[in-house]
Amino acid sequence: TCAFDDDMNIVGADGSTAKKISKPQSEKLFEEYLSLGDNCYRAVHNVTATTAKMYGVKSTVNQETGEVDKVYYPYYDANKNLVGVKVRIIDGKKFYWLQGSKNKECLVFGSQLINRRQLFIVVEGEKDALALSQLVQDIKKDYLVVSIRDGASNSEGSVDPSIGVSASLLTE
């Protein structure tokens, strides 16, 4: 086993120290997302900043155009730990991951909002989840909406039955 000392050195079971690190590895992996801070919850994809904040969706704005240019979709594990961030570049609809693209714990966008034994709606993508969630809030209903990571074609096994919830998959 290993541990960290007060100076962030890795200390082995035998007392030997290894390389010094400045931040925990998970923090480094998500630095782009975490550095955005709490002022980056914006109205995006026709949903309010409140809905974006509920899901942890942050965005950046192009300084020249004033338009949103990147959207960050966080993914959490069953213990509500950040395990991946999917980034959408608006121009050209390109995606990349800040960790998590192959992480089997990054299956359901919005999973940090799920309570055990709660009925929720599963849709095909992050934008769909945000849009339907906004609609549900607008009509004063209390349904949770989540989405699968890679679209309906990759939906098999996306909802882990061990979390003890019921789900419905809605596709176009």
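Further up the page is the structure itself.
Read on for an overview of the structure. This one's a predicted model, so the numbers in the text were calculated from it and none came from an experiment. Each residue is numbered by its place in its chain's sequence as written, counting from 1. Where totals are concerned, whole chains, interfaces and linings use all residues; where local detail is concerned, this predicted model gives features only for residues with pLDDT of at least 70, and gives and counts side-chain atom pairs only at 80 or more. Side-chain metrics rest on all non-hydrogen atoms present in the structure, leaving aside hydrogens and water.

1. With respect to the packing of aromatic side chains
In plain terms, the rule: The rule is short: rings of Phe, Tyr and Trp, with Trp giving its six-membered ring, pair when the centres are within 6.5 Å, and they are stacked under 30 degrees, edge-to-face over 60, tilted in between. Helix and strand definitions here come from DSSP, where helices need a minimum of 4 consecutive H or I residues and strands a minimum of 2 consecutive E residues; each element is numbered from the N-terminal end. Here's how the labels work: a residue is buried when its accessible area is under 20% of the maximum for its type, exposed when over 50%, partly exposed in between, all with a 1.4 Å probe on protein chains only.
Summed over all chains, the structure comprises five aromatic pairs. Relative to Phe109, the ring of Tyr55 lies with its centre 5.3 Å away and its plane at 15°, an arrangement referred to as stacked. Taken together, the positions of Tyr55 in helix α3 (residues 49-55) and Phe109 in strand β8 (residues 108-109) put the pair 54 residues apart, joining distant regions of the chain. Per residue, the accessibility class of Tyr55 equals that of Phe109, and both read buried.

2. Some points on the pattern of salt bridges
A side chain of one charge can pair with a side chain of the opposite charge if their charged atoms are brought near each other. The cut-off we apply is this: Salt bridges are identified by distance alone: a Lys or Arg side-chain nitrogen within 4 Å of an Asp or Glu carboxyl oxygen.
Here the structure, examined in full by the defined rule, presents two salt bridges. When the shortest N-O distance is used, the salt bridge between Lys70 and Glu32 registers 3.5 Å. Of this pair, Lys70 sits in strand β5 (residues 68-76) while Glu32 sits in helix α2 (residues 31-34), and the two are 38 residues apart along the sequence. The exposure class assigned to Lys70 is partly exposed, which follows from its relative accessible area of 25%.

3. Quick notes on the environment of Leu130
Rules: Residue contacts are defined here by distance: any two heavy atoms, one from each residue, within 4.5 Å place the two residues in contact.
Relative to the assigned elements, Leu130 resides in helix α4 (residues 126-138). For Leu130, a relative accessible area of 0% corresponds to the buried category. In this structure, the C-alpha to C-alpha distance between Leu130 and Gly110, residues 20 residues apart in sequence, is 9.3 Å. Residues within four places of Leu130 in sequence aside, it is in contact with His45, Val47, Thr51, Tyr55, Val57, Tyr73 and Phe109.

4. Some thoughts on the side chain of Thr60
Quick note on the threshold: Any pair of nitrogen or oxygen atoms within 3.5 Å is treated as a polar contact; in protein, a donor-acceptor pairing is required on top of that, and neighbouring residues in sequence qualify only through side-chain atoms on both sides.
Positionally, Thr60 belongs in strand β4 (residues 58-61). Among the polar contacts listed, one links the side chain of Thr60 to the side chain of Asp69, at a separation of 2.6 Å. Dropping the residues within four chain positions of it, Thr60 is found in contact with Leu36, Arg42, Glu67, Val68, Asp69, Lys70 and Tyr72.

5. Regarding the sheet that holds β4
As a reminder of what qualifies: Any two strands between which DSSP finds at least two bridges are classified as paired. Between N-to-C directions, angles span 0 to 180 degrees; the directions come from axes that are lines fitted to C-alpha atoms, helices contributing only their stretch in contact.
Taken together, the four strands give an open sheet; going across it, the order is β4-β5-β6-β7, and neighbouring strands pair in antiparallel fashion. Two strands bound the open sheet, and with one partner strand each, they are β4 and β7 (94-98). The average undirected angle you get between the axes of adjacent strands in this sheet is 20°. Across seven bridges, β5 lies against strand β6 (residues 82-89) in antiparallel orientation. Its bridge partner lying in β6, Tyr76 is registered against Leu82.

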